[in-house]
Amino acid sequence: MAKRSIIITGGAGFIGSHVVRLFVNKYPDYHIINLDKLTYCGNLENLKDVESAPNYSFERADICDFEAVSAIIRKYNVDGIIHLAAESHVDRSIRDPFAFAMTNVMGTLSLLQAAKAYWESLPEGYDGKLFYHISTDEVYGALEMTDPEGIESPFTTAASSQHHHAYGSEFFLETTKYNPHSPYSASKASSDHFVRAFHDTYGMPTIVTNCSNNYGPYQFPEKLIPLFINNIRHRKPLPVYGRGENVRDWLYVEDHARAIDVIFHRGKVADTYNIGGFNEWKNIDIVKVLIKTVDRLLGNPEGASLDLITYVTDRKGHDLRYAIDSRKLQRELGWEPSLQFEEGIERTVRWYLDNEEWVDRITSGDYLKYYEEMYGNR
Ligand code: NAD
Ligand code: TYD
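So, here's what we can say about the structure. Not measured: the values here are computed from a predicted model. (Residues numbered from 1 in each chain as written. Chains lettered and ligands numbered in written order. Predicted model: local features only at pLDDT ≥ 70, side-chain atom pairs only at ≥ 80, totals over all residues. Heavy atoms only, no water.)

1. Section: the environment of proline 226
You can see proline 226 is positioned in helix α6 (residues 224-233). Spatially, the C-alpha atom of proline 226 lies 31 Å from that of leucine 111, the residues being 115 residues apart in sequence. Residue contacts for proline 226: discarding those within four places in its chain leaves Gln219, Phe220, Pro221 and Tyr352. (Helix = DSSP H or I, 4+ residues; strand = E, 2+ residues; numbered from the N terminus. Contact = heavy atoms within 4.5 Å.)

2. Details of the site of ligand 2
Around ligand 2, the surrounding shell holds 17 residues, and the nearest of these are Glu138, Pro239, Arg248, Arg315 and His318. Taking leucine 224, its main chain carries an N or O atom lying 3.1 Å from an oxygen atom of ligand 2. Separating an oxygen atom of ligand 2 from a side-chain N or O atom of asparagine 283 is a distance of 2.9 Å. Expressed as a share of its isolated accessible area of 510 Å², the protein-covered part of ligand 2 is 96%. The set of elements that each furnish at least two residues to the shell around ligand 2 consists of α6 and β10 (238-241). Residue composition of the shell around ligand 2, grouped by class: 7 nonpolar, 5 polar and 5 charged. (Near = heavy atom within 4 Å. Polar contact = N/O pair within 3.5 Å; in protein donor to acceptor, adjacent residues only side chain to side chain. Areas by Shrake-Rupley, 256 points an atom, 1.4 Å probe, with all protein chains shown as cover. Nonpolar A, V, L, I, M, F, W, Y, C, P; charged D, E, K, R; others polar.)

3. A word on the sheet that holds strand β2 (residues 30-36)
Pairing in this open sheet of 7 strands is parallel, and the strands run β3-β2-β1-β4-β5-β8-β12 from one edge to the other. Of all strands in the sheet, those with a lone pairing partner are β3 (56-60) and β12 (272-275), marking the two edges. Put simply, the sheet's adjacent strands are angled 20° from each other on average, direction ignored. Here β2 pairs with β3 via 5 bridges, running parallel. Paired with isoleucine 33 across the two strands is serine 57, which belongs to β3. Running over the sheet, helix α7 (residues 253-266) touches β1 (4-9), β2, β4 (80-83), β5 (130-136), β8 (206-211) and β12 and is turned about 145° from β5. (Pairing = 2+ DSSP bridges. Axes fitted to C-alpha atoms, helices over the stretch in contact; angles between N-to-C directions.)

4. A look at the pairing of strand β11 (residues 247-252)
Sheet faces and side chains relate simply in a regular strand, where the side chains alternate between the two faces. Burial within β11 is extensive, with 6 of its 6 residues counted as buried. The side-chain alternation of β11 yields two buried faces, one formed by Val247, Asp249 and Leu251 and the other by Arg248, Trp250 and Tyr252. In this sheet, β11 lies alongside strand β9 (residues 213-215) in parallel orientation, the contact comprising 3 bridges. When the sheet's bridge partners are listed, tyrosine 215 is paired in β11 with tyrosine 252. Sheet analysis places β11 next to strand β13 (residues 280-282), joined by 3 bridges and oriented antiparallel. Of the residues in β13, the one forming a bridge with arginine 248 is tryptophan 281. (Buried < 20%, exposed > 50% of the residue type's maximum accessible area, 1.4 Å probe, protein only.)

Take a look at the structure:
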């Protein structure tokens, strides 16, 4: 019998696929169950390299479907849940907030209820169980930008020696008051509250982590970095919102997956950890790095794609600056990012250029046919 039986929700998505891959490969004695609805951005092609591993199973289900989720938890005698399934794109949340409340709030609640009912029915109850909820730094709202030129960052990590900017003196801490602005962040904030409420009310062992922007392979090409790499490749305009002055803190996705591994195994129950890259960038500066890297790797003359930059109407309610202080995680559990941003971007651009077929199948909608053949219409 497997030592642990863990459901990873949203395992066919961007971050989830990296977490599934890490756990399946690193823990052959765990049974890893990927529970995913396969929405437009869930893609089983992200997991081709692990799909036939003996310790991996896939279950197609909607987290909002309480009966289906309960049956899967019972079927595998699940003792751990790492919950990543969500609607995750801010622009979509502005157009369709209902979908975000449904999946992120009601879906999380349904998963919590299903885990609660099963675990409470066992003789040992909550012993040895964990519900680990993956959330975002966007729940904290937005920070001021006090220095548009950037100042030296107060943080040090082995990997952050090259780029070392902060655009203000305030950072999100685990104690920062929630103040979400977008329908996406409001729905994630609500789900975080439900998770904590299940600990406080029923004693369910829970952990919540709030992470900054991730980048890397397998990210759906509607998000800034993969969208822009693909547009540069096809000489399509790069739609920079507003003046491109907004600041985000970027973390390589495999470093996030490593943090999730550390926290799942050694994190303190009922606690919260912020996870960040110690790596603030203005959007426009990222766009220039992407142009430089893609042009170099494609053999274009330096600066050839700068003319693609197109300033467009700003996103509604666009948060100015996110910056995470993740020193609690560094101090208590010894985690810090392993990659310098320059190296992470190089790897990421290379991956998208080397995996044109993956991107093309998504942008053409072909990957949906793969599911229709395997699982019927969605
Ligand atoms: P993603 O959109 O790439 O993937 C989401 C996955 O969830 C997909 O596989 C999708 O099919 C699945 N899903 C959606 N609705 C579902 C439902 N109702 N039932 C079952 N499965 C469903 O998202 P991502 O970028 O990998 O983000 C994963 C998690 O991490 C999310 O909870 C997100 O809020 C959080 N997060 C993301 C970032 C980031 O930069 N991407 C940063 C911090 C936190
Ligand atoms: P995104 O990848 O959507 O992540 P988030 O909104 O969750 O931070 O966007 C990152 C930043 O890039 C954000 O400030 C919005 C901006 N952006 C653009 O300027 N143009 C685009 O086409 C996209 C998708 C994002």
